[in-house]
Amino acid sequence: MCRLFAITSKDPQSPMLAIKALDVMKEGHDGSGVGLLLQDLGGTFEEMKDAPILSGIFTEEGICRLDLFMMKLGFMTKHKISLKPPKTRVEGIPRRHIYLIRAYELPEGWDALTQEELAVKLLEVRLKIREMGEEKNDMIVFSFWPDTIMLKEIGDPMKLAEYLGLDRKELEARVIMAQGRQNTNYAISLYACHPFFIKGYCTMTNGENTAFIPIKDFLSSRNIPGYTGYQSDSEVFAHILHFSMEELGLGIDGYKHVITPLQRDDLAKHPNFEFLDHLKKTCRPLIIDGPNMVIGTLPDHSMFMVQDRKKLRPGVVGGKPGMFAFSSEICGLDAVIPDRDKTMDIQPMHLDTAIVSPERQEVNICRQTEALNLPL
Amino acid sequence: MSSNRSLEPSSLSLNDLPWQIEYNNDRCTLCGQCTAVCPVKAIALHPFQKRIVKTSVGKNAEHSNAYDTFYGIRQDTRVENACIGCAMCTLVCPNDAIRPKRNPGLDRMKFHINQHGIPRRRGGRRNDSGSVLDRIKFTRISMLTDPALDAGRHEFEMSTLLGRVLPPRENMKCLREKGWIPPVREIYPLIIGGMSFGALSPTMWEGLQMGVAYLNEEMGMPVRICTGEGGCPPRLLRSRFLKYVILQIASGYFGWDEIIHAIPHMKEDPCAIEIKYGQGAKPGDGGLLMWHKVNKLIAAIRGVPQGVSLPSPPTHQTQYSIEESVAKMILSMSMAWGFRVPVYPKISASSTSLAVMNNLTRNEYAAGLAIDGEDGGTGAAYAVSMDHMGHPIASCVRDNYLNLTSLGKQNEVPIFAGGGVGKNGNIAANAAALIMLGASGVQVGKYLMQAAAGCVGTEEDRCNVCNLGICPKGITSQDPRLYRRLNPEDVAQRLVDIFVSFDTQLKKIVAPLGRSTSLPIGMSDALGIDDKNIADRLSIKYVV
Ligand code: SF4
Ligand code: SF4
């Protein structure tokens, strides 16, 4: 079982906080890999909130090909951090040429695009780079989105963090998501590592998605750019989140109604019965059925946690005004925010969505049986 | 027959018959129960002679030669009276003196069941116990990261949708703008397939309807039953129980006069309308109710004269082509109930089914597609159709599902699969396999006749005289002397037993796969089979 930790804080924090939490929860993962998402960035990136940042791993040739490709499109480098691995090898971590985090100036004319058009364009660029990289095995790209950095690598989280020097100031962020991997496949594809990101929506999951194939079949037949990949059964959670909020216009309180809808009797009693009944039927192939705890962030930097229908996975949310953390285990939370009021810790149950809004003042619990905030 | 007589070509000996009677004279008390119950008069009381010769080696010993006459049971060898293996004689014999046995050799009678130029017709099944569905295993057991689900304790929701489901965006938009959204029913995925009032006896029909009502109202299981082509008793049409019924219309339109006239008086809409274009057991052939079964009641419900055979034409004659037919009929049926009732066609499995499906995807009134495989049952058909025509269900369902998936419409046009589900008794495993191959639900008929009413038919050509009105169990007969053998309450009770136990079995299959709150439609990664070719054909795993 993987271990997850996410933190949302008024002031930028070092990703090391999350790494520390994963280290405390070490019993639950095998140190086979780590995935990181940093958003609402501090440091130098703070001044360029609109510039898309490309994160990925590149070989020497990969970098050259990337530069050429981006130049052709008219992208100009605005700022970059290169995490150059030290010369000495560390057992269990693969040798890479460069971990690239680079913010770009948009090509001429792109400023005039609407947010939506821009989102599509950025996604296209990311998918193209991914495709090129897969052809020659020289580029792996995790995200290409403003104010967002992602990093995924094989190895023990703490060792990796030290190896890559993740404690640098430039990497501080207000929203951090981290996953410590429990390897369930023999060969690890970095594209199969959490968190998963699409157009500002990001999720990571702890568990197994038993309905993966039908969900994947459904999503990949929607003709929506970006609904591809699926090296991991958990990637669909991010895409369902995107689908329910962007395609269907639901709020975050609607997400759980898509992935784990209420059963017949409860549904009949719900104030939004008609709406939810239709939603359940039309989104039937998106029902997740396995044991899953999902932590995610939204484009406005809200952070949330939902549980599967039976709450078969652990998960806890706690903190203090200005800083809240979402963790697989309480010990992770203790390691990062020891001075919180522990009596206010919340372990969301099978009907709950726990949400911390961008103001980061409290944990809101939204019960599935309550009325929805519908955009009607 | 004495040896110096000329033999007719169709003179058969006991050895040529498919079923042979084993009779034990020592146990028989000549009570006559077996001869009375035999549906085909295959056995009769008969005098036999025995010669007793007594000799001795003694010089003055007496020799004697005596003839003794005794009575016993004799099996008839005429084709029309050949034993059908129903074993009713065994059932009624108080002394266990008689039983039919399958002839292990070649049954020569097969060459002669075409007297007067009429080829064999029968009811029942295909008589082939092979089943791909039985061979499919559920191999994706969650062992690593899952706590296993508990089929007995955890919450389950094993229902399915019958009706045209709009894609999410469109559906929610229609809801917002108060547009027309096609009717969708949430039903139990095991549907009682179309068996007509006429093909089935009144007691059987009543029993099934009572069982369905009980399952819905007392057990909370939304089980639905299809009428088959034969109309629907007027009182049922006007009752609240109509909502559990799928009304079938087929090319003979039998009973539809009554149904149309009842529409203004209906308290509830029917669950759905099934338009039958084909039947898996006899594709390309219309329904057939033979004259033996068309009594006064049946004639009245169907709106036909008494005592005539009722063959439905193979096609809906008023239509020009199947595309047109499907489109027009779906529309007219939808209109008849104000677009509140799902309407879907049922076809026999065929390599042309994809074309039908493609048409349906473009017709927003089409509520689904029922596909009936070659193993489907029938009340009456030519043996040649049953034995040699048709398409297996597994690959047909799979092809249609994958086709829908490539169009992104897998949740929009539900597929209901029938034909051979539970043919060897493994109903839940067969149903689950079809669902994971892509069916939204399954239709069953024969299994229910066997399990709920004690039909004695098997895949070894046992009984199968459903067409003749002489059903020894009273299931498919219109003769009151026969159908009184069946108590409707018992049928209802058995039906409830079957659905409840099916439900437990289904949970026992899906729980270890980590599924519980939604039916695992298209979850093909859970399936495996020990044959590489089948695995490739069905796009499932090959396991040995
Ligand atoms: S098995 Fe059936 S058909 Fe054969 S003799 Fe007995 S009762 Fe008659
Ligand atoms: S018992 Fe009745 S229903 Fe069953 S095969 Fe015989 S005739 Fe047909």
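Asks: Hey, could you go over the overall build of chain A for me, with residue numbers and the actual values?
Replies: Of the regular secondary structure elements, chain A holds 10 helices and 16 strands. Taking 21 Å as the expected radius of gyration for a compact globule of 376 residues, we find that chain A reaches 20 Å, a close match to that expectation. Scored against the burial criterion, the 376 residues of chain A give a buried share of 64%. Long-range pairs, those at least 24 residues apart, make up 74% of the contacts in chain A between residues at least 6 apart in sequence. When the accessible surface of chain A is totalled, it reaches about 14000 Å², and 51% of it is carbon and sulfur. One finds the centroid of the 44 positive side-chain charges in chain A at a distance of 4 Å from the centroid of its 52 negative side-chain charges.

Asks: So what about the overall build of chain B? Which residues, and what values?
Replies: Secondary structure summary: chain B contains 17 helices and 21 strands in total. Rg of the C-alpha trace for chain B: 26 Å, near the compact-globule value of 24 Å for 544 residues, within the 12% margin. For the C-alpha atoms alone, the extent of chain B along its principal axes is close to 115 × 60 × 45 Å. In chain B, which comprises 544 residues, the proportion classed as buried is 56%. Sequence-distant contacts, at least 24 apart, represent 75% of the contacts inside chain B between residues at least 6 apart. By element, 52% of the accessible surface of chain B is carried by carbon and sulfur atoms, the whole surface being about 23600 Å². Charge centroids of chain B, computed over 60 positive and 50 negative side chains, lie 2 Å from each other.

Asks: Now, about the domain arrangement of chain B: what can you tell me, with residues and values included?
Replies: All names here are of chain B. The domain boundaries assigned to chain B delineate domain 1 (14-118) and domain 2 (132-542). The centre of domain 1, based on its C-alpha atoms, is set 43 Å off from the matching centre of domain 2. If you look at the interface, domain 1 gives 11 residues, while domain 2 gives 10 residues. When domain 1 packs against domain 2, the two sides together hide about 870 Å² of surface, and 64% of this comes from carbon and sulfur. In terms of surface lost to domain 2, no three residues of domain 1 exceed Pro39, Ile84 and Met88, which account for 42% of the buried area on that side. Where domain 1 touches domain 2, the interface holds zero salt bridges. Summed over the shared surface of domain 1 and domain 2, the result is five residue pairs in polar contact (both at pLDDT 80 or more). Among the residues forming the side of domain 1 that touches domain 2, the class breakdown is nine nonpolar, one polar and one charged.

Asks: Report on the site of ligand 2, specifying residues and quantitative values.
Replies: In the neighbourhood of ligand 2, the contacting residues comprise B:Met449, B:Cys455, B:Val456, B:Gly457, B:Cys463, B:Asn464, B:Val465, B:Cys466, B:Cys471, B:Pro472 and B:Thr476. Residues belonging to the shell around ligand 2 are distributed by class as follows: eight nonpolar, three polar and no charged.

Asks: Explain the interface of chain B and chain A to me, and be specific about the residues and the numbers.
Replies: Think of interface size as the accessible area that goes away when the parts come together; that is how it is often given. Between chain B and chain A, the residue contacts involve 44 residues of the former and 37 residues of the latter. For the pairing of chain B and chain A, the buried interface totals around 3600 Å² over both sides, and the portion due to carbon and sulfur atoms is 52%. Between B:Arg140 and A:Glu208 there is a salt bridge; the shortest N-O distance is 2.4 Å. Breaking the side of chain B that touches chain A down by element, the ones donating at least two residues are strand E7 (160-163), helix H4 (168-176) and strand E8 (184-187) of chain B. The element best represented in the side of chain B that touches chain A is H4(B), accounting for six residues. Residue composition of the side of chain B that touches chain A, by class: 17 nonpolar, 17 polar and 10 charged.

Asks: Tell me about the nonpolar core, and please be specific about residues and values.
Replies: Grouped burial of nonpolar side chains is what soluble globular proteins tend to show. B:Leu247, B:Met436 and B:Phe499 are the most contacted members of the largest nonpolar core, which has 112 residues in total. When residues no more than four places from it in sequence are discounted, the contact partners of B:Leu247 are B:Thr227, B:Cys232, B:Leu237, B:Leu242, B:Trp256, B:Ile259, B:Pro270, B:Ala272, B:Ile273, B:Glu274 and B:Trp337.

Asks: Give a detailed account of unusual backbone geometry, specifying residues and quantitative values.
Replies: All names here are of chain A. Of the consecutive residues histidine 194 and proline 195, the connecting peptide bond is found in the cis state with omega at -10 degrees. Within the secondary structure layout, proline 195 lies in the loop between strand E8 (173-180) and strand E9 (196-198). Phi is positive for histidine 301, close to 75 degrees, though the residue is something other than glycine. Mapping histidine 301 onto the fold places it in the loop between strand E11 (292-297) and strand E12 (303-307). Classification of histidine 301 by relative accessible area gives buried; the value is 15%.

Asks: Tell me about the site of ligand 1, and name the residues and values.
Replies: Contacts to ligand 1 come from 13 residues, most closely from B:Cys38, B:Cys83, B:Cys86, B:Ala87 and B:Cys89. Looking at the shell around ligand 1, its residues break down into 12 nonpolar, one polar and no charged.

Asks: Residues and numbers for the packing of helix H5 (residues 202-217) of chain B against helix H16 (residues 488-510) of chain B, please.
Replies: All names here are of chain B. Here H5 crosses H16 at 45 degrees, and the two axes come no closer than 7 Å. As the angle between them shows, H5 and H16 are arranged oblique. Judged by the twist between their axes, the crossing of H5 over H16 is right-handed. Facing H5, whose interface residues are Thr203, Met204, Glu206, Gly207, Leu208, Met210, Gly211, Val212, Tyr214 and Leu215, H16 presents Pro488, Glu489, Val491, Ala492, Leu495, Val496 and Phe499. In terms of residue class, the contact of H5 with H16 is made up of 12 nonpolar, three polar and two charged.

Asks: Can you break down the packing of helix H13 (residues 427-437) of chain B against H16(B) residue by residue, with the values?
Replies: Residues and elements named next belong to chain B. Interhelical geometry of H13 versus H16 gives an angle of 55 degrees and a closest axis separation of 9 Å. With respect to their mutual orientation, H13 and H16 come out oblique. Classified by chirality, the crossing of H16 by H13 is right-handed. Two secondary-structure elements touch here, H13 through Ile427, Ala428, Ala429, Ala431, Ala432 and Met436 and H16 through Phe502, Gln505, Leu506, Ile509 and Val510. Residues that form the contact of H13 with H16 fall into these classes: 10 nonpolar, one polar and no charged.

Asks: I'd like to hear about the pairing of strand E15 (residues 343-348) of chain B, residue by residue, with values.
Replies: Residues and elements named next belong to chain B. Most of E15 sits out of view: six of its six residues are buried. The two faces of E15 match: Val343, Pro345 and Ile347 on one face and Tyr344, Lys346 and Ser348 on the other face are all buried. Summarising the sheet, strand E12 (residues 272-276) and E15 pair through four bridges and their orientation is parallel. Looking at the pairing, isoleucine 273 lines up with valine 343 of E15. Both E15 and strand E16 (residues 369-372) contribute to a ladder of three bridges, which runs parallel. Looking at the pairing, isoleucine 347 lines up with isoleucine 371 of E16. Following the chain from E15 across helix H10 (residues 353-361) to the adjacent parallel E16, one finds a crossover that is right-handed.

Asks: A description of the pattern of salt bridges should follow, citing residues and the corresponding values.
Replies: Residue and element names in this part refer to chain A. Evaluation of the coordinates by the stated rule reveals 53 salt bridges over all chains. Linking aspartate 40 and arginine 360 is a salt bridge whose minimum nitrogen-to-oxygen distance equals 3.2 Å. Placement of aspartate 40 in strand E2 (residues 34-41) and of arginine 360 in the loop between strand E15 (352-356) and strand E16 (364-367) is noted, with a sequence separation of 320 residues between them. The burial state of aspartate 40 is the same as that of arginine 360; both residues are buried. Overlapping salt bridges bring together Asp40, Glu46, Lys49, Asp147, Arg174 and Arg360 as one network.

Asks: I'd like a description of the sheet that holds E12(A), backed by residues and values.
Replies: Residue and element names in this part refer to chain A. Strand order across the open sheet formed by six strands is E9-E10-E11-E12-E15-E16, with antiparallel pairing between neighbours. With one partner strand each, in any of the chains shown, E9 and E16 form the two edges of the open sheet. Mean inter-strand twist for the sheet, computed between neighbouring axes without regard to direction, equals 20 degrees. Both E9 and strand E10 (residues 201-207) contribute to a ladder of three bridges, which runs antiparallel. Among the inter-strand pairings, isoleucine 198 is bridged to a residue of E10, identified as tyrosine 201. Where helix H6 (residues 235-247) meets the sheet, it contacts E9, E10, E11 and E12, and its direction lies at approximately 135 degrees from that of E10.

Asks: So, the side chain of B:Ser385: which residues are in play, and what are the values?
Replies: Residues and elements named next belong to chain B. Its location among the elements puts serine 385 in helix H11 (residues 383-388). The exposure class assigned to serine 385 is buried, which follows from its relative accessible area of 9%. Excluding residues within four positions of it along the chain, serine 385 makes contact with Ala281, Lys282 and Asp285.

Asks: I'd like a rundown of the sheet that holds strand E4 (residues 76-83) of chain A, residues and numbers included.
Replies: Residues and elements named next belong to chain A. Read from one edge of the open sheet, four strands run E4-E5-E3-E6, paired in antiparallel fashion. Two strands lie at the open edges of the sheet, namely E4 and strand E6 (139-146), each paired on one side alone. Along the sheet, successive strands turn relative to each other by an average axial angle of 20 degrees, direction set aside. As paired elements, strand E3 (residues 52-58) and strand E5 (residues 98-105) share six bridges and run antiparallel to each other. Bridge pairing links serine 55 to isoleucine 101 in E5. Along the sheet, helix H2 (residues 60-73) contacts E3, E5 and E6; its crossing angle with E5, the most-contacted strand, is approximately 10 degrees.

The rules behind the values
- Residues numbered from 1 in each chain as written.
- Chains lettered and ligands numbered in written order.
- Predicted model: local features only at pLDDT ≥ 70, side-chain atom pairs only at ≥ 80, totals over all residues.
- Heavy atoms only, no water.
- Helix = DSSP H or I, 4+ residues; strand = E, 2+ residues; numbered from the N terminus.
- Rg over C-alpha atoms; globule rule 2.2 N^0.38 Å.
- Buried < 20%, exposed > 50% of the residue type's maximum accessible area, 1.4 Å probe, protein only.
- Contact = heavy atoms within 4.5 Å.
- Areas by Shrake-Rupley, 256 points an atom, 1.4 Å probe, with all protein chains shown as cover.
- Lys, Arg positive; Asp, Glu negative; His and termini not counted.
- Charge placed at Lys NZ, Arg CZ, Asp CG, Glu CD.
- Domains from an automatic or database assignment.
- Buried area = accessible area lost by both parts, 1.4 Å probe.
- Salt bridge = Lys/Arg side-chain N within 4 Å of Asp/Glu carboxyl O.
- Polar contact = N/O pair within 3.5 Å; in protein donor to acceptor, adjacent residues only side chain to side chain.
- Nonpolar A, V, L, I, M, F, W, Y, C, P; charged D, E, K, R; others polar.
- Near = heavy atom within 4 Å.
- Core = buried A, V, L, I, M, F, W, Y, C linked by side-chain atoms within 4.5 Å.
- Axes fitted to C-alpha atoms, helices over the stretch in contact; angles between N-to-C directions.
- Parallel < 35°, antiparallel > 145°, perpendicular 65-115°, else oblique.
- Left-handed = near helix turned anticlockwise from the far one by under 90°.
- Pairing = 2+ DSSP bridges.
- Right-handed = clockwise from strand over helix to strand, strands pointing away.

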